[in-house]
Amino acid sequence: MSELLTLSGVETHIGRYHILHGVEFGVPEGQTTMLLGRNGAGKTTTLRTIMGLWRASSGEIRLGGARIETLSTPDIARAGIGYVPETMAVFSDLTVKENLILAAREGEMDQTRLDWIFGFFPPLRKFWLARAGTLSGGQKQMLSFARSLIEPRRLLLIDEPTKGLAPAIIGALIDCLKEVKRRGATILLVEQNFRVAQEIGDTVSVMDNGRVIHSGTMAELAADEAMQQRLLGLSLDTHQ
Amino acid sequence: MSAQDMDVGAALPKTPRDFVPLLLPIALALVALPFIPSTSTRITLTIAGLAMGMMIFVMASGLTLIFGLMDVLNFGHGAFIAVGAYVATLVLIPLAAWMQADSVWLNLAAVVPAVLFAMAVTGALGLAFERVVIMPVYGQHLKQILITMGGMIVAEQILYAFFGPQQIPLPLPASLRGSFQFGEAAIEKYRVVCVVVGLMVYFAMLAILNRTKIGLLIRAGVENTEMVEALGYRITRLFVGVFMAGSALAGLGGVMWALYREQVNASMGSELLVLVFIVVIIGGLGSVTGCFIGALLVALATNYAGFLVPKLALVTDIMLMVVILLWRPRGLYPVTSR
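Because the structure is a prediction, the values reported are computed rather than measured.

Criteria and cut-off values
Residues numbered from 1 in each chain as written. Chains lettered and ligands numbered in written order. Predicted model: local features only at pLDDT ≥ 70, side-chain atom pairs only at ≥ 80, totals over all residues. Helix = DSSP H or I, 4+ residues; strand = E, 2+ residues; numbered from the N terminus. Contact = placed C-beta atoms within 7 Å. Nonpolar A, V, L, I, M, F, W, Y, C, P; charged D, E, K, R; others polar. Pairing = 2+ DSSP bridges. Axes fitted to C-alpha atoms, helices over the stretch in contact; angles between N-to-C directions. Buried ≥ 20, exposed ≤ 12 C-beta atoms within 10 Å, placed from the backbone. Domains from an automatic or database assignment. Parallel < 35°, antiparallel > 145°, perpendicular 65-115°, else oblique. pLDDT = per-residue confidence, 0-100. Expected span 1.5 Å × (residues − 1). Left-handed = near helix turned anticlockwise from the far one by under 90°. Right-handed = clockwise from strand over helix to strand, strands pointing away.

### Digging into unusual backbone geometry
Moving on, step 1. The backbone of Met88 of chain A shows a phi angle near 70°, a positive value even though the residue is not glycine.
Moving on, step 2. Within the secondary structure layout, Met88 of chain A lies in the loop between β6 (81-84) and α3 (96-103).
Moving on, step 3. Although it is not a glycine, Glu262 of chain B sits at a positive phi angle of roughly 55°.
Moving on, step 4. Within the secondary structure, Glu262 of chain B sits in the loop between α10 (235-261) and β4 (263-264).

### Some points on the interface of chain A and chain B
Moving on, step 1. Counting residues at the interface gives 34 residues for chain A and 26 residues for chain B.
Moving on, step 2. Of all elements in the fold, only α2 (73-78), α3, α5 (122-126), α6 (137-149) and α7 (167-182) of chain A reach the threshold of two or more residues within the side of chain A that touches chain B.
Moving on, step 3. Of the residues forming the side of chain A that touches chain B, the biggest block, 5 residues, is contributed by α7 of chain A.
Moving on, step 4. Residue composition of the side of chain A that touches chain B, grouped by class: 20 nonpolar, 7 polar and 7 charged.

### Here we look at the environment of Glu223 of chain B
Moving on, step 1. Among the structural elements, Glu223 of chain B can be located in helix α8 (residues 213-223).
Moving on, step 2. Measuring from C-alpha to C-alpha, the distance between Glu223 of chain B and Thr236 of chain B comes to 15 Å, with 13 residues separating the pair along the chain.

### Section: the sheet that holds strand β5 (residues 66-67) of chain A
All names here are of chain A.
Moving on, step 1. On the basis of which strands lie adjacent, the open sheet formed by 4 strands has the order β2-β1-β4-β5 and antiparallel pairing. With partners counted over all chains shown, the strands left at the sheet margins are β2 (17-28) and β5, one partner each.
Moving on, step 2. Here strand β4 (residues 56-63) pairs with β5 via 2 bridges, running antiparallel. Among the inter-strand pairings, Arg62 is bridged to a residue of β5, identified as Arg67.
Moving on, step 3. Contacting β1 (3-14), β2 and β4, helix α1 (residues 43-51) crosses the sheet at an angle of about 75° to β2.

### Here we look at the sheet that holds strand β8 (residues 186-190) of chain A
All names here are of chain A.
Moving on, step 1. Here we have 6 strands laid out as an open sheet, ordered β6-β7-β8-β3-β9-β10, and mixed in their pairing. Each having just a single partner strand, β6 and β10 (211-217) make up the two edges of the open sheet. Between one strand and the next, the sheet's axes are offset by a mean angle of 15°, whatever the strand orientation.
Moving on, step 2. Judged from the 6 bridges that link them, strand β9 (residues 203-208) and β10 form a sheet pairing that is antiparallel. Directly across from Met207, in β10, lies its bridge partner Val212.
Moving on, step 3. Taken strand by strand, α1 contacts β3 (32-37), β6, β7 (155-159), β8 and β9, and its axis lies near 145° from that of β7.

### Regarding α3 of chain A
Moving on, step 1. Burial analysis of α3 of chain A places 6 of its 8 residues in the buried class, the great majority of the element.
Moving on, step 2. All buried positions along α3 of chain A are accounted for by Val96, Glu98, Asn99, Leu100, Leu102 and Ala103 of chain A.
Moving on, step 3. Of the surrounding secondary structure, the elements contacted by the buried residues of α3 of chain A are α5 and α6 of chain A together with α8 of chain B.

### With respect to the domain arrangement of chain A
All names here are of chain A.
Moving on, step 1. Assigned domains of chain A: these are domain 1 (1-80 + 153-240) and domain 2 (87-151).
Moving on, step 2. In this structure, domain 1 and domain 2 have C-alpha centres spaced 23 Å apart.
Moving on, step 3. Taken together, the contact pairs 12 residues of domain 1 with 9 residues of domain 2.
Moving on, step 4. Here the element with the most residues in the side of domain 1 that touches domain 2 is α7; it accounts for 6 residues.

### Some details on the packing of helix α1 (residues 20-32) of chain B against helix α12 (residues 288-308) of chain B
Residue and element names in this part refer to chain B.
Moving on, step 1. One can describe the packing of α1 onto α12 by two numbers: an axis separation of 9 Å at closest approach and a directional angle of 10°. Considering their axes alone, α1 and α12 lie roughly parallel with respect to each other. Residues Pro21, Leu22, Leu24, Pro25, Leu28, Ala29 and Ala32 of α1 lie in contact with α12, whose contacting residues are Gly290, Ile293, Leu296, Leu297, Leu300, Ala301, Tyr304 and Leu308.
Moving on, step 2. Of the residues contributing to the contact of α1 with α12, the split by class is 14 nonpolar, 1 polar and no charged.

### Some remarks on the confidence of the model for chain B
All names here are of chain B.
Moving on, step 1. Here chain B shows a mean pLDDT of 90. Residues at 70 or above account for 94%.
Moving on, step 2. Element-level mean pLDDT values for chain B span from 86 in strand β2 (residues 179-182) up to 96 in helix α3 (residues 77-92).
Moving on, step 3. For residues 1-5, every residue scores under 50 in pLDDT, and the model assigns this stretch 11 contacts once sequence neighbours within four places are set aside.
Moving on, step 4. Overall fold confidence for the complex sits at a pTM of 0.81, while the interface term, ipTM, reaches 0.90.

### A short note on the pairing of β2 of chain A
Moving on, step 1. Pairing of β1 of chain A with β2 of chain A involves 8 bridges; the strand directions are antiparallel. By the bridge assignment for β2 of chain A, Leu5 of chain A is matched with Val27 of chain A.

### A closer look at α3 of chain B
Moving on, step 1. Look at α3 of chain B: 23 Å from first C-alpha to last across 16 residues, which is about the 22 Å you get at 1.5 Å a residue.
Moving on, step 2. Counting buried positions over the 16 residues of α3 of chain B gives 14, a clear majority of the element.

### Focus: the confidence of the model for chain A
Detailed reading of the predicted coordinates is not advisable wherever pLDDT falls low.
Moving on, step 1. Here chain A shows a mean pLDDT of 89. Residues at 70 or above account for 97%.
Moving on, step 2. Per-residue pLDDT, averaged within each element of chain A, yields its smallest value for helix α10 (residues 225-232) of chain A (82) and its largest for α1 of chain A (96).

### A short note on the packing of helix α11 (residues 268-283) of chain B against α12 of chain B
All names here are of chain B.
Moving on, step 1. Running from N to C, α11 and α12 cross one another at 125°; their axes reach a closest spacing of 7 Å. On the basis of the axis angle, α11 is oblique to α12. For the pair α11 and α12, the sense of crossing is right-handed. When α11 is examined against α12, the residues Leu275, Ile278, Val279, Val280, Ile282 and Gly283 are found in contact with a partner set consisting of Gly290, Cys291, Ile293, Gly294, Ala295, Leu297 and Val298.

### Details of the pairing of β8 of chain A
All names here are of chain A.
Moving on, step 1. Taken across its 5 residues, β8 has 5 buried, putting it largely inside the fold.
Moving on, step 2. Burial along β8 is two-sided: Thr186, Leu188 and Val190 and Ile187 and Leu189, pointing in opposite directions, are all buried.
Moving on, step 3. Relative to β8, β3 runs parallel, the two being bridged by 4 bridges. Within β8, the residue paired with Leu35 across the bridge is Val190.
Moving on, step 4. With 5 bridges joining them, β7 and β8 adopt parallel strand pairing. From the neighbouring strand, Leu156 faces β8, where its bridge partner is Ile187.
Moving on, step 5. Between the parallel elements β7 and β8, the chain passes through α7 in a crossover that is right-handed.

Put into structure tokens, the structure is as follows:
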């Protein structure tokens, strides 16, 4: 399967800190790639570098074959990448509706698509006119997800969506991701919860100290407890 | 587990509507007015305060948006106030005959183009200022303070060089002279005009911010510029547009102030800048409504204090800011999380 996104030798510096050291991996089209690794491994920096929020100091990032590492963040977004940051970053002074109006960049929101999103996240319909700042953490995450789904994107970058959320909400997010995946979306997902990663991921890249130290299939990693222990310092038995 | 099973659909707590700051100008008037002896003086002082507040609001509204959206401490904002006043004066000098004519239409034919031209010039200067002076120092507050303060001084000295240190008279148009008489209370016509213009600017800004996509982008950008960009919007274009609009509003405020004082001088921008910053800080960075309330509070307090305890009037605005910040350290209606 061809790769929609490829990173080759990507280096990122933040101030005087050298964070990414030649990151290399690909995201196959139509699949979900999990980006795993310990805290501080460089996963969030990788997503932010892909989005152009931090500049790659060298290396290549290609989307559908076209280089994007020199583009501005808005141009990268317009190339078809949706981004769900770790912080959710909903606009708290705006209502749920207004948040989604902004996300529907090309114009009016598609009612069918909106109803499809409401099917996963009913609270968004209920609190349509409530200010996003008044939503709970889980509801904000739903809104952040909805913002990236309100228009079809070529690639979704999602950063630790389940962090700090109640199991019921995690369940809804997983349902949503599975459906998005079934519709053929390509997803690059940073996740600390290995069970979630195992449930959703097709392929996986593992990072450590700003480098990709393993790339392969999720099934392969899930089946090999020794590899999990070696790469991630965990095993399924201990990481419930 | 499906989303329907989640216990997250419970009703949100009602968003508390914060009306307290809106009531402050009324509370201030209720406290001060009993000490003022006559009804006519009460009315005159209050209208004068409202008019002054509206003028300050017009000058400060652009700065609060620039502050909130762009995170820029623009100490050069005062330059646009002064330049606006001077540009209008240059337009109005050759139209002096129309200004002094008894016809309202001739007066308008002189004033309206002068105001529009002043706004156009200050807006264009704002564009140049943002591209040349501000752009290299985005995100660097100390450098912003130094370079914009420098810009303010340079602009002021250029005005001195071209127009000299003397005050240049700028008489009101004939139809705006005099007062409306309500019983024993005399209300200057021009002050009423200032109140109307200030309210128009305020409601126009609210309409743009709340009912247009540009407004949504500005409000979102005040909170999180990075995420606005990640949604595909070129925030730098918005920055430029807001900076130009803010500069043009400063120009409008400068013209209003100059007509109110019936004179212009090169240092008027730097003199008003302190007041404008106080209002923006009282209101809360990035908040148009906060700025509106802050301007009214400062102006009413200054007018009432000027009548009741004249010596206190010199420090009223600072005292008001101290009290407000002790109560709400981030201002009346803080918007930005910066």
